[in-house]
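Report on the structure
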Amino acid sequence: MAGLPDISVNINTGGLGRVARTDDNIFGIVCSATATTGFTLGAPYQIFSLNDLIGKDVTPVNNAFFYKEIEAFYNLAKNGTELWVLGVSDATTLTDICDVTKTNAKKLLDAAKGAIRVLGINRKTPAGYTPTVTECIDADVVTAMTKLQELCEAYALEHNPLRGILPGIGFLKANVANLKNLDLLTNKRVMISLAADAPGSVSVCRLLGMKASVPVQRKISRVLNGNVKIDTCCFPDGTPVEDLKSAWDNIHTKGYVFFRTIPQNEGYYFSSDRMAVALTDDYSSLARGLVIDKAHRLAVSVYAKQIEDDYEVDSSGKLPPAMIAATKSEIENTVKGSMQGEISDFVAVIDPNQNVLSTDEFELSLSVMPRAYKSFIKINLGLYNPYKTT
């Protein structure tokens, strides 16, 4: 080595596990909890670590269910990941939590000022609660699905699109053959999770934590994400996931998310990221829905500032080619730049023959080409003889 003998010091980075700020991984949870001296039910809080919750006097002793949910989130999401939380009494139904006319989930979403991308809802049913089970799911879950879809649609209309997750309370192994078919529904913004880590305890926040740990286009069921970091996984009634392996395909086909094992891989993984809508729907995947939600937000960020702006038309009243080219370039560059690696392509199409003088409307069509997924891998395997002549 040339030069005088000396000491070289390389400063490493990344040891603190600091999280790069991104709007894609901001999540919220409304969950059954107990009030403490530092934690008020019905009040929204923004936290960035489990210690932030502990600082509000929320512990495994005084808030076992709520604490476990937040702990599960940060077990998969890095400290520093933004999470909005709101506790409600265990008497509050899922339906009431999701109702856009009531101050539960709506209060949390408003406090976050539209930043929440995925909202988790979970409930610890009170002692003595008897679910009204219809098709292997509590009726409260069924009505909450409709309310949560309405809630998400209302915020999407305000250009704050989001998706929601509900727990599959009421599930029983004995009734699995009669499980409600979500593939027949139209709740493309709602997911029903059967992924439990203990009897009666669907782990909604563990799902949120997995989603927070990966890019927007990535599925929670991607094996390369790693396993869910718990030793025992079950369905909501406590049935070990392995005991229902013969029913996995049926449960998946009906649109539910649950924990599963993967051949030659240790631990447990999410089965999919299905939403409560037909598999043929473009947004039957949470990841695909979040991709289009991000494009929605970006498009609004580009065009909101142009509302009521004036512009020149050519002598025939049509849009000038230069204006069309500039508008097309602006949105395409914005989306492609912001979503590099998250989509395959993005195209803007503008009709030059729009009658803008008569309508005061300017219309363009935006199309996102998503990334593809290796959901099914077919391997053709056999023996061969290099000297075989026929």
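Report on the accompanying structure. Please read all numbers here as calculations on a predicted model, not as lab measurements.

Conventions adopted
Residues numbered from 1 in each chain as written. Predicted model: local features only at pLDDT ≥ 70, side-chain atom pairs only at ≥ 80, totals over all residues. Heavy atoms only, no water. Buried < 20%, exposed > 50% of the residue type's maximum accessible area, 1.4 Å probe, protein only. Helix = DSSP H or I, 4+ residues; strand = E, 2+ residues; numbered from the N terminus. Pairing = 2+ DSSP bridges. Axes fitted to C-alpha atoms, helices over the stretch in contact; angles between N-to-C directions. Contact = heavy atoms within 4.5 Å. Salt bridge = Lys/Arg side-chain N within 4 Å of Asp/Glu carboxyl O. Expected span 1.5 Å × (residues − 1). Arc of directions from axis to C-beta. Polar contact = N/O pair within 3.5 Å; in protein donor to acceptor, adjacent residues only side chain to side chain.

Section: the pairing of strand 4 (residues 118–122)
Looking along a regular strand, one sees the side chains alternate between the two faces of the sheet. For strand 4, the tally of buried residues reaches five of five residues, placing the bulk of the element in the interior. By the alternation rule, side chains of strand 4 split into Val118, Gly120 and Asn122 and Leu119 and Ile121, which are all buried. Alignment of strand 1 (residues 27–32) against strand 4, held across five bridges, turns out to be parallel. Pairing of Cys31 across the sheet is with Asn122, part of strand 4. With three bridges connecting them, strand 4 and strand 7 (residues 163–167) associate as parallel partners. For Leu119, the partnering residue across the bridge sits in strand 7 and is Gly164.

A look at the sheet that holds strand 3 (residues 83–88)
Read from one edge of the open sheet, six strands run 2-3-1-4-7-9, paired in mixed fashion. The open sheet is flanked by strand 2 (44–47) and strand 9 (190–193), the only strands paired with a single partner. Here the average twist between neighbouring strands, direction ignored, is 20°. In the packing of helix 6 (residues 204–212) onto the sheet, the strands contacted are strand 1, strand 4, strand 7 and strand 9, and the crossing angle to strand 1 comes to about 170°. The strands that helix 8 (residues 286–303) touches are strand 4, strand 7 and strand 9; relative to strand 7, the one it contacts most, it runs at about 150°.

Thoughts on the pattern of salt bridges
Under the defined criterion, the tally for this structure stands at 15 salt bridges. The closest approach of N and O atoms between Asp281 and Lys188, which form a salt bridge, is 3.1 Å. On the criterion of sequence distance, the pair formed by Asp281 in the loop between strand 14 (276–277) and helix 8 and Lys188 in the loop between strand 8 (186–187) and strand 9 is long-range, its members being 93 residues apart. Between Glu342 and Lys294 there is a salt bridge, with the nearest N and O atoms lying 2.9 Å from each other. Of this pair, Glu342 sits in the loop between helix 9 (321–338) and strand 15 (343–349) while Lys294 sits in helix 8, and the two are 48 residues apart along the sequence. Each member of the pair, Glu342 together with Lys294, is buried. Overlapping salt bridges, with partners in common, bring together Asp24, Lys294 and Glu342 in one network.

Description of helix 9
An α-helix turns once every 3.6 residues. As a result, residues three or four positions apart point the same way. With 18 residues, helix 9 should cover 26 Å at 1.5 Å per step; its first-to-last C-alpha distance of 26 Å lies within 8% of that length. All of the buried residues along helix 9 are Met323, Ile324, Thr327, Ile331, Glu332 and Val335. Each buried residue of helix 9 sits inside an arc of 150° when the element is viewed along its axis, so together they form one side. More than 90 degrees from the buried face of helix 9, the exposed residues found are Pro321, Ala322, Asn333 and Gly337. Elements in contact with the buried residues of helix 9: helix 8, strand 15 and strand 16 (365–370).

Remarks on helix 8
With 18 residues, helix 8 should reach 26 Å at 1.5 Å per residue; the first-to-last C-alpha distance of 26 Å fits that figure. Counted residue by residue, helix 8 has 13 buried out of 18 residues, so it is predominantly covered. Sitting at the amino-terminal end of helix 8 is Ser285, which places a side-chain oxygen 3.2 Å from the backbone nitrogen of Ala287.

Keep in mind that these numbers describe shape and distance, not what the molecule does.
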